[in-house]
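For reference, the chains in residue letters:
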Amino acid sequence: MDASTAASIALDGIRKQYPDGTVAVTDLSLEVPAGELVVLIGPSGCGKSTVLRMINRLIEPTAGRILLDGEDVTRVDPVRLRRRIGYVIQDVGLFPHQTVRANVGTVPRLLHWPRSRITNRADELLDLVGLPPARFADRYPHELSGGQRQRVGVARALAADPVVLLMDEPFSAVDPIVRARLQEEFLRLQRTVRKTIVLVTHDLDEAVRLGDRVAVLSDGGHLEQYAPPADLLADPASDFVSEFVGADRGIRRLSVTPISDDLLTPGSADGLPTVDGSATLYEALAAMLTARADQVVVGDRGLLTRDALFTAAATPPGTHSG
């Protein structure tokens, strides 16, 4: 596989049973397309983090196969494998006595890259995650905020251009305002790098905001539903999923549903509230309610009426893929 590209992931009947008989993951099969961000979510103890650790073989599966672009990673050297998979965890785990630049360059050093290449790559990634190297490269972790340390962790995970990025509760250790900002920055970053990402979270709002697809797991790593966020919220596949996503799933769905052209009509914008052309249905509804208006201007694309918005909100986007 070319390490500079994203790789597909296929989990084929993976199981994890510990020596005491505890079964963390019973029999999970799941496919993650190359370049997509898939979120694993479910109640505590459902095996989300165990699945993540099996992908990079920090934990060995008891049974089943894990394929990266068709290659069974359970049959390759685990150290070589982990150098091709970026890993971001909740508490970041930066080396306290190394500078930010040195932290980002950890894996390239292990791969014996030339020093100049390591420096250039670290500085490039610091720029990419919003930490200009002139200001931040020579600082130490204790001189950074929690959000800044998390960005360094993401940069470090991307340093050797991995084919897969694994993220375990990456934003849960920061306050809600910083968390929302990090999520937005991360979406911007993913639009640039288009990595294959598997992210674990307990936060449904984070899952539907970040994920191209969301996998809802129940006890034993049982896959209850695997679908795009809008489909998941509109059409839960089981009582478990319906209860998990909650009674306010309609609002959540609006927040991840873009405004399609077929909802818009031409008309005068005089005196009407305006939202960006890439706004969601939720943002359009908020603008209408704030202005007490029945229509909203959607960038330079046209007008969205309240009736059209409510019709779209009531229409399932498609059948679920359970």
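Residues numbered from 1 in each chain as written. Predicted model: local features only at pLDDT ≥ 70, side-chain atom pairs only at ≥ 80, totals over all residues. Heavy atoms only, no water.

What follows concerns the environment of A10. Checked against the element boundaries, A10 lands in strand 1 (residues 9–17). The class of A10 is buried, set by a relative accessible area of 18%. Placed 218 residues apart in sequence, A10 and P228 show a C-alpha to C-alpha distance of 17 Å. Those residues in contact with A10, other than ones at most four positions away along the chain, are L30, E31, R65, I66 and L67. (Helix = DSSP H or I, 4+ residues; strand = E, 2+ residues; numbered from the N terminus. Buried < 20%, exposed > 50% of the residue type's maximum accessible area, 1.4 Å probe, protein only. Contact = heavy atoms within 4.5 Å.)

Turning to helix 7 (residues 146–158), a few remarks are in order. Taking 1.5 Å as the rise per residue, helix 7 with 13 residues should run 18 Å; its terminal C-alpha atoms sit 19 Å apart, in good agreement. Those residues of helix 7 lying buried are G147, Q150, R151, V152, G153, V154, A155, R156, A157 and L158. Its buried side turned inward, helix 7 meets strand 6 (85–89), helix 3 (100–104), helix 4 (106–110), helix 5 (115–128), strand 7 (164–168) and helix 8 (176–193). (Expected span 1.5 Å × (residues − 1).)

Counted by the stated rule, this structure contains 2 aromatic pairs. Between the aromatic rings of F171 and F186, the centroid separation amounts to 5.9 Å while the plane-to-plane angle is 65°, which identifies the pairing as edge-to-face. Separated by 15 residues along the polypeptide, F171 in the loop between strand 7 and helix 8 and F186 in helix 8 bring together distant segments of the chain. Assigned by exposure class, F171 and F186 land together as buried. Where F240 meets F244, the ring centres are 6.3 Å apart and the plane angle is 5°; that geometry is what we call stacked. Taken together, the residues span about one helical turn, with F240 and F244 both in helix 11 (residues 239–245) at a distance of 4 residues. We classify F244 as partly exposed; its relative accessible area is 25%. If you follow R117 out to its NZ or CZ, it ends over the ring of W113, 3.6 Å from the centre. (Phe/Tyr/Trp six-rings, centres within 6.5 Å; stacked < 30°, edge-to-face > 60°. Lys NZ or Arg CZ within 6 Å of the ring centre and 35° of its normal.)

This part is about the pairing of strand 12 (residues 295–298). The sheet contact formed by strand 11 (residues 274–275) and strand 12 spans 2 bridges and is parallel. When the bridges of strand 12 are listed, T274 appears paired with V297. Regarding topology, helix 13 (residues 281–291) serves as the crossover connection from strand 11 to the parallel strand 12, and that connection is right-handed. Where strand 12 meets strand 13 (residues 302–305), 4 bridges bridge the pair, whose relative direction is antiparallel. (Pairing = 2+ DSSP bridges. Right-handed = clockwise from strand over helix to strand, strands pointing away.)

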